[in-house]
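One-letter residues, chain by chain:
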Amino acid sequence: MTQILTCNDVKVDFDGFFALKGVDLQVEQQEVRFLIGPNGAGKTTLLDVICGKTRATEGSVFFQEMEGSIHKLEEHKIALAGIARKFQAPSIFPQLTVLENLELAMKQKKTLWHMLFAKMDEPTKEKIEYTLEKINLTQERNRLAGFLAHGQKQWLEIGMQLIQDPQLLLLDEPIAGMSGQEREKTGRLIHDVSKECSVLIVEHDMEFVRNFSKQVTVMHEGKVLCEGDMNTVQNDERVIEVYLGRGKTHA
Ligand SMILES: Nc1ncnc2c1ncn2[C@@H]1O[C@H](COP(=O)(O)OP(=O)(O)OP(=O)(O)O)[C@@H](O)[C@H]1O
């Protein structure tokens, strides 16, 4: 398998407080990687570094075949290079339909001329149909996004990222607030997505991780504590200590 992302010794210093103290992480092509760990472990900060929202103080982040580390690139350049980030709060346009939201997301990569004057060509239409199908919203295409159920809004947002053809999708607690059925559908969607792009997910819900993970990376106090399948990490003494040692029982 080819690596798509390599983080080497990534450190983040917030005015003297090191949120990341030297993180090494590799993600392979078509991999779904879960990132877990107690509150404050540095999971979100790591996603922020990868997408360019936060600057690493030290270390490097290599993406695909790109020359040099991407950690000094601006956020929009990293997005253009193929790293998409879905934040916890949906950023869909509630007053537009599902279809219009996807059209808008697709146009983000185009020129101003295209955005204003170009009609949707056949490949664009096909792409939108394909994405609608993938995120399970074909039937909802003409509904205003604001009226969608919570889970559907999250899927639309994932669709708006996917339509821009990322090679790596970063998700921060994608199932927060979802019903059991929505979680199940989201898990399947993520695995479906991974056929086309790698997915790195921060998640606290251990049942979801257990059900949908292959490889899990556990972070603790700004470092990677251990890696492996869920069975391996759950039985790792260090992991038991950081979860149970702090009175947490959900690992
Ligand atoms: N902008 C910032 N300035 C100062 N400290 C920060 C900043 N952002 C995060 N931190 C601190 O860095 C540490 C890591 O935070 P981070 O949000 O990455 O952890 P996390 O593992 O995602 O936690 P959670 O699971 O609670 O979301 C925390 O102690 C947090 O308070």
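Residues numbered from 1 in each chain as written. Predicted model: local features only at pLDDT ≥ 70, side-chain atom pairs only at ≥ 80, totals over all residues.

- As annotated in an unreviewed UniProt entry, the protein chain carries the name Urea ABC transporter ATP-binding protein UrtD and is attributed to Solibacillus merdavium.

## Details of the nonpolar core
Consideration 1: Within the largest apolar cluster, 65 residues are counted, with the highest numbers of intra-cluster contacts made by L156, L170 and V199.
Consideration 2: If sequence neighbours within four positions are ignored, V199 has contacts with V32, L169, L171, I190, V193 and S194. (Core = buried A, V, L, I, M, F, W, Y, C linked by C-beta atoms within 7 Å. Buried ≥ 20, exposed ≤ 12 C-beta atoms within 10 Å, placed from the backbone. Contact = placed C-beta atoms within 7 Å.)

## Focus: unusual backbone geometry
Consideration 1: Of note, D9 is a non-glycine position whose phi angle comes to about 50°, a positive value.
Consideration 2: Note that D9 resides in strand 1 (residues 3-14).
Consideration 3: At E173, a position not held by glycine, the phi torsion is positive, near 45°.
Consideration 4: Mapped onto the elements of the fold, E173 is located in the loop between strand 6 (168-172) and helix 7 (180-193). (Helix = DSSP H or I, 4+ residues; strand = E, 2+ residues; numbered from the N terminus.)

## With respect to the site of the ligand
Consideration 1: By nearness alone, every residue bordering the ligand is listed as F14, F17, A19, G37, N39, G40, A41, G42, K43, T44 and T45.
Consideration 2: Among the secondary structure elements, those contributing two or more residues to the shell around the ligand are strand 2 (17-28) and helix 1 (43-51).
Consideration 3: A per-element tally of the shell around the ligand places helix 1 first, with three residues.
Consideration 4: Split by residue class, the shell around the ligand holds four nonpolar, six polar and one charged. (Near = placed C-beta within 6 Å. Nonpolar A, V, L, I, M, F, W, Y, C, P; charged D, E, K, R; others polar.)

## Some thoughts on the sheet that holds strand 8 (residues 215-220)
Consideration 1: The strand order 5-6-7-3-8-9 describes an open sheet built from six strands, whose pairing is mixed. Edge positions in the sheet fall to strand 5 (83-86) and strand 9 (223-228), since each has one partner strand and no second. The mean inter-strand angle of the sheet, taken between neighbouring strand axes irrespective of direction, is 20°.
Consideration 2: Here four bridges tie strand 3 (residues 32-36) to strand 8, and the two strands are oriented parallel to one another. The residue of strand 8 that forms the bridge with F34 is V216.
Consideration 3: Along the sheet face, helix 10 (residues 237-244) touches strand 8 and strand 9 and points at about 125° away from the line of strand 9. (Pairing = 2+ DSSP bridges. Axes fitted to C-alpha atoms, helices over the stretch in contact; angles between N-to-C directions.)

## Focus on the pairing of strand 2
Consideration 1: Examined bridge by bridge, strand 1 and strand 2 share nine bridges and lie antiparallel to one another. Paired with Q3 across the strands is E28, a residue of strand 2.
Consideration 2: Here strand 1 folds back onto strand 2, and the loop between the two strands holds two residues, one of which, D15, carries a positive phi near 45°.

## Comments concerning helix 10
Consideration 1: For helix 10, the set of buried residues is V239, V242 and Y243. In an axial view of helix 10, the angular spread of the buried residues amounts to 95°, which keeps them on one side of the axis. Among the exposed residues of helix 10, those pointing more than 90 degrees away from its buried face are E237, E241 and L244. (Arc of directions from axis to C-beta.)

## A few points about the environment of T54
Consideration 1: Within the secondary structure layout, T54 lies in the loop between helix 1 and strand 4 (58-63).
Consideration 2: The exposure class assigned to T54 is partly exposed, which follows from the 19 C-beta atoms found within 10 Å.
Consideration 3: In the structure, T54 is positioned 85 residues away from Q139 in sequence and 38 Å away in space, judged by C-alpha atoms.
Consideration 4: Sequence-distant contacts of T54, defined by excluding residues within four places in its chain, comprise V12, T45, D48 and V49.

## Things to note about the environment of E75
Consideration 1: Of note, E75 is situated in helix 2 (residues 75-81).
Consideration 2: Residues E75 and V49, spaced 26 residues apart in sequence, show a C-alpha to C-alpha distance of 9.5 Å.
Consideration 3: If we skip the residues at most four places from it in the chain, E75 touches C51, G52 and K53.

## Things to note about the sheet that holds strand 4
Consideration 1: Taking strand neighbours across the sheet as the criterion, the three strands line up as 2-1-4 in an open arrangement whose pairing is antiparallel. In the strand order of this sheet, the two ends are held by strand 2 and strand 4, each with one partner. Averaged over neighbouring strand pairs, the angle between their axes works out to 15° when direction is ignored.

## Side note on the domain arrangement of the protein chain
Many analyses report the size of an interface as the accessible area lost when the parts associate.
Consideration 1: Examined at the domain level, the protein chain breaks down into domain 1 (1-82 + 166-251) and domain 2 (91-164).
Consideration 2: Centre-to-centre, using C-alpha coordinates, domain 1 lies 26 Å away from domain 2.
Consideration 3: With 12 residues of domain 1 in contact, the opposing surface of domain 2 contributes 11 residues.
Consideration 4: At six residues, the largest contribution of residues to the side of domain 1 that touches domain 2 is made by helix 7.
Consideration 5: Grouping the amino acids of the side of domain 1 that touches domain 2 by side-chain chemistry returns six nonpolar, three polar and three charged. (Domains from an automatic or database assignment.)

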